[in-house]
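Take a look at the letters that make up each chain.
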Amino acid sequence: MTPGLLGGISLLAALIFSMVGLVLATLAYTLRDRRYLEAAKRLSALTLLAALLSFGSLEWAILTNDFSVSYVANSSSADNPLWVKLVTPWAALEGSILLWAMLQAAYTWLVSLRVGKSLDIWRAPVALGTLFAVQVFFFAVMVFVAHPFDAVPNPPQDGQGTNPLLQNHWMMAVHPVLMYLGFVGLSVPFAYAVAAMVAKRYQSWIFETRWWTLVAWGFLTAAIFTGKWWSYEILGWGGYWAWDPVENASIIPWLLATAFLHTAQVQERKGLFKGWNFAFITLAFAATVFGTFLTRSGVIQSVHAFASGPVGAWFLVFLLGVMVVGLGLLARVSSEIKEAGEVRWKSREGALLAGALFFGTFAFVVVLGTLWPLVVEAFSGAKVSIGAPFFNQISIPLGIFMLLLMGIGPVLPWRNTNTQVVRNLAAMLVALGVGTLLGFVLGLSLGVSLAIGLFAYNLMAIWLMVGQGVRERVRSLGISAGQALLELAASNKRRFGSHIVHFGVALAALTIAFSQTYRVTEQKTLNVGETWQTRGMEVRLLSIGAREESNRFAAIAPIEVRSTSREGWGSDGRYQTRLNFYPQMESPLATPVVKYSLYNDYYFVLMQFDQENGRWATLKIIVTPMVWWLWVAGLIIVLGTLYILWPSGAKVANRQMSPTAGD
Amino acid sequence: MKPKYIIGLVVVAGALIYLIFGGLGQNLVYFITPSEYFQQADRYQNRQVRLGGLVKEGSLNYNPQTLELRFMVTDGVKDIPIMSSGSTPPALFGENRGVVVEGKFQGEAFVSQNLLVKHSETYQAPKEGWTPDEVRKLIEGTQ
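Across its full length, chain B carries 3 helices and 7 strands. When the elements of chain B are put in sequence order from the N terminus, they spell out α-β-α-β-β-β-β-β-β-α. When the 143 residues of chain B are sorted by exposure, 31% land in the buried category. When contacts within chain B are restricted to residue pairs at least 6 apart in sequence, those whose partners lie at least 24 apart make up 55%.

If you tally the helices and strands in chain A, you get 21 helices and 11 strands. A globule of 663 residues ought to have a C-alpha radius of gyration of about 26 Å, and chain A, at 27 Å, matches this closely. C-alpha extents for chain A along the principal axes are approximately 80 × 70 × 60 Å. Across chain A, every contact between residues at least 6 apart in sequence was considered, and the portion connecting residues at least 24 apart equals 72%.

Now for the confidence of the model for chain B. Regions with low pLDDT should not have their predicted coordinates read in detail. All names here are of chain B. The pLDDT averaged across chain B works out to 74; a share of 72% of its residues lies at or above 70. Per-element mean pLDDT across chain B ranges from 59 in helix α3 (residues 132–140) up to 87 in strand β4 (residues 68–74). Residue range residues 119–128 is modelled with pLDDT below 50. Its contacts to residues more than four positions away, or to other chains, number 13 contacts. For this predicted complex, the interface confidence score (ipTM) comes to 0.73, while the overall pTM stands at 0.89.

So, on to the nonpolar core. Residues and elements named next belong to chain A. In terms of nonpolar packing, the biggest core is built from 237 residues, with Ala101, Ala127, Leu256, Ala257, Phe280, Ala284 and Ala509 touching the most fellow members. No other element matches the 17 residues that helix α10 (residues 205–234) contributes to this core. Contact partners of Leu256, with chain neighbours within four places excluded, come to Phe280, Leu283, Ala284, Ala287, Phe359, Gly360 and Ala363.

What follows covers the packing of helix α2 (residues 34–63) of chain A against helix α6 (residues 124–144) of chain A. Residue and element names in this part refer to chain A. With their axes 11 Å apart at the nearest point, α2 and α6 run at an angle of 30° to one another. The angle between α2 and α6 falls in the class roughly parallel. The two elements α2 and α6 cross, and the hand of that crossing is left-handed. The segment α2 lies against α6, with Leu37, Ala40, Ser44 and Thr47 engaging Ala124, Pro125, Leu128 and Gln135. Tallied by class, the residues present in the contact of α2 with α6 amount to 5 nonpolar, 3 polar and no charged.

Turning our eyes to something else, we now look at the sheet that holds strand β10 (residues 600–609) of chain A. All names here are of chain A. Strand order across the open sheet formed by 4 strands is β2-β11-β10-β9, with antiparallel pairing between neighbours. Two strands lie at the open edges of the sheet, namely β2 (520–527) and β9 (593–596), each paired on one side alone. The average angle at which neighbouring strand axes cross in this sheet is 20°, direction not considered. Where β10 lies against strand β11 (residues 616–625), 9 bridges are found, and the strand directions are antiparallel. Residue pairing in the sheet places Tyr603 in a bridge with Ile622 of β11.

In this section: the packing of helix α1 (residues 3–31) of chain A against α6 of chain A. Residues and elements named next belong to chain A. Where α1 meets α6, the axes come as close as 8 Å, and the angle between the chain directions of the two elements is 155°. Regarding the angle of α1 to α6, the classification is roughly antiparallel. Between α1 and α6 the crossing geometry is left-handed. The segment α1 lies against α6, with Leu11, Leu12, Ala14, Leu15, Ser18, Met19, Gly21, Leu22, Ala25, Thr26, Ala28 and Tyr29 engaging Pro125, Val126, Leu128, Gly129, Phe132, Ala133, Gln135, Val136, Phe139, Ala140, Met142 and Val143. Here the contact of α1 with α6 is built from residues that sort into 19 nonpolar, 5 polar and no charged.

Extensive coverage of helix α8 (residues 175–185) of chain A is indicated by the burial of 10 of its 11 residues. By the burial criterion, the buried members of α8 of chain A are His175, Pro176, Leu178, Met179, Tyr180, Leu181, Gly182, Phe183, Val184 and Gly185 of chain A.

So, on to the pairing of β11 of chain A. Residue and element names in this part refer to chain A. Most of β11 is tucked away: 9 of the 10 residues are buried. Both β2 and β11 contribute to a ladder of 8 bridges, which runs antiparallel. The residue bridging Leu526 from the neighbouring strand is Ala617, located in β11.

The rules we used
Residues numbered from 1 in each chain as written. Chains lettered and ligands numbered in written order. Predicted model: local features only at pLDDT ≥ 70, side-chain atom pairs only at ≥ 80, totals over all residues. Helix = DSSP H or I, 4+ residues; strand = E, 2+ residues; numbered from the N terminus. Buried ≥ 20, exposed ≤ 12 C-beta atoms within 10 Å, placed from the backbone. Contact = placed C-beta atoms within 7 Å. Rg over C-alpha atoms; globule rule 2.2 N^0.38 Å. pLDDT = per-residue confidence, 0-100. Core = buried A, V, L, I, M, F, W, Y, C linked by C-beta atoms within 7 Å. Axes fitted to C-alpha atoms, helices over the stretch in contact; angles between N-to-C directions. Parallel < 35°, antiparallel > 145°, perpendicular 65-115°, else oblique. Left-handed = near helix turned anticlockwise from the far one by under 90°. Nonpolar A, V, L, I, M, F, W, Y, C, P; charged D, E, K, R; others polar. Pairing = 2+ DSSP bridges.

Encoded structure:
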């Protein structure tokens, strides 16, 4: 059997299994029969097997250079190195959808394991049915419009190759997979929400859904940060975020999921905000589909080289379906989930709702900015685009509000404020003032000074909260402060983890303010051997050489950099700036060399060189402060999320500690 | 809900609407071709625009020492001289190829801050005798 045949058959099998699963889940719901539910569970495992087989066939075809398979002929090449071949399945449209569908099948299977545990007989069929329906969509798209395994009648000698932008950096192996894990992961909370609304059980779904959402959110966060890192490390423009539609597509679901994570806590404790939670989670999942539609339909042009194809219309229909189901159900049950109590703004639930509303507004503004060119074109016929200035202008005030709320929220108690809280808030405001003033004294700009103030303010909030917990423990149990801190961290992982995440967010905001404000770019053409004094550095072009690699040809211009003043501190070293030439592209692709230091990042790009005699080369140097810390912040956020999700360790530690603590 | 919250909400919503629509109006960047520029030249003076067209054959002039890049953008009917300094021609940039230049008109010349070229390997060169409309269609894919 050939990989193409096996892949096609298993794909068809996955579609049929998903359809049967959907029918069985429907029967289980209407007949209230547990046997159908058990059968549906088994089908979710079968679908996963079929999807894995199909994905494996694609890898097999790529690794064995089987150019009779359309996807391999279009998107791979025999000369690609092994790691590029391994990641080629998600380098183009059909393969990405296959990866998506496979992950979807995996999530559905994981959910099926919860049947009989947290998912009761009333909700389980609906949740599984929803996920099967989503799966039917993805497998149907592949079988009918974006089939990866079409047979090529006259297989070519070699494939057309993989998009060079995608094989220029190993991040290709990481970022897209994380993104899909996050996107697909949001289908589970959606399924739980639909199940809760259909079964009219409005409270019990929230506990486990928060957990699932946090998993997806963690993947999305990791994906967004790795995406920034990738963009910074390879695209050669020295930035990490450009408000490109593709980037917006990833941030919109993230914002909505963040909103949900905040209001979900209020529902868990107080039973409030049920309507908001259903709405946020529906919109978050819809946003993942919307993002895919945007980037795959060609409606909005983007610098990202995604192939547009006939799948756009399918995704639009699917998007409408998700919105109609989610919001339609919400409209139907809205009278039953009226809030029992009133929300006081000066309480934690008030701050959480305000925060969630800001996240929701932010998401709305990003959608609006992304779609606005279409609106203008529809009304006036003019072709317009909305640049980064619009998004920056909006996101700065919103970001400041969010950072303020992020500090206040956790400090405020549930229900209402008291005097201790007022003292804490006063301390935080002092930190805000002192930090901002410090920025001014150092001669920094208003925005950056404010960012320092907000960082100090959030740090103070975390310090006060952790400090109080530790002091109480030390006083009542008579243990050391260090042990008290460890016990506190282990006993309330959610709260402690959220401190870690919030710290990461505050740090990220600080680094964004610094790096966006103080970035400088210098460019110069140097002769071989010439030195260039710029920005506290002495840059010497050593030579210009060439190197042949299996899938590309590279021009390499080694440079030597010495720092001459404080401004260029940490830039010393020898760097191989290079331009990569790929056979599929006529022009070269610049690959920057980045040297991180504790404050500045030095970014060296070979822009051009003398192709005839190798006498000169044009170099670009971008100096950006604190970008390294942005990656650290991303790591802290992801680790904080992991800390909250980590299942067993803390419970064990808790049990071990309690006897000694009791003595 | 108490009246003071409603007032608060209205203030917040108003501020947002102002930010969004004020911001959108100022930050709209029109995408035009050389012919469209000459129809309404005043409208586009000193305003950020994206000018799309082809790099005219024989007009490309790049000095690597001073990093000055000059070329003509054409849509087959009208030409506009482009002046770009302190940058190097990006990948896939060349004569008879589509380009979108972002920048401002200063008098008759266009000073560019940013050259956009589609990062795609499936680019097709325009054929002889194309009309401005066809050129525009080609370039819009580049925006």
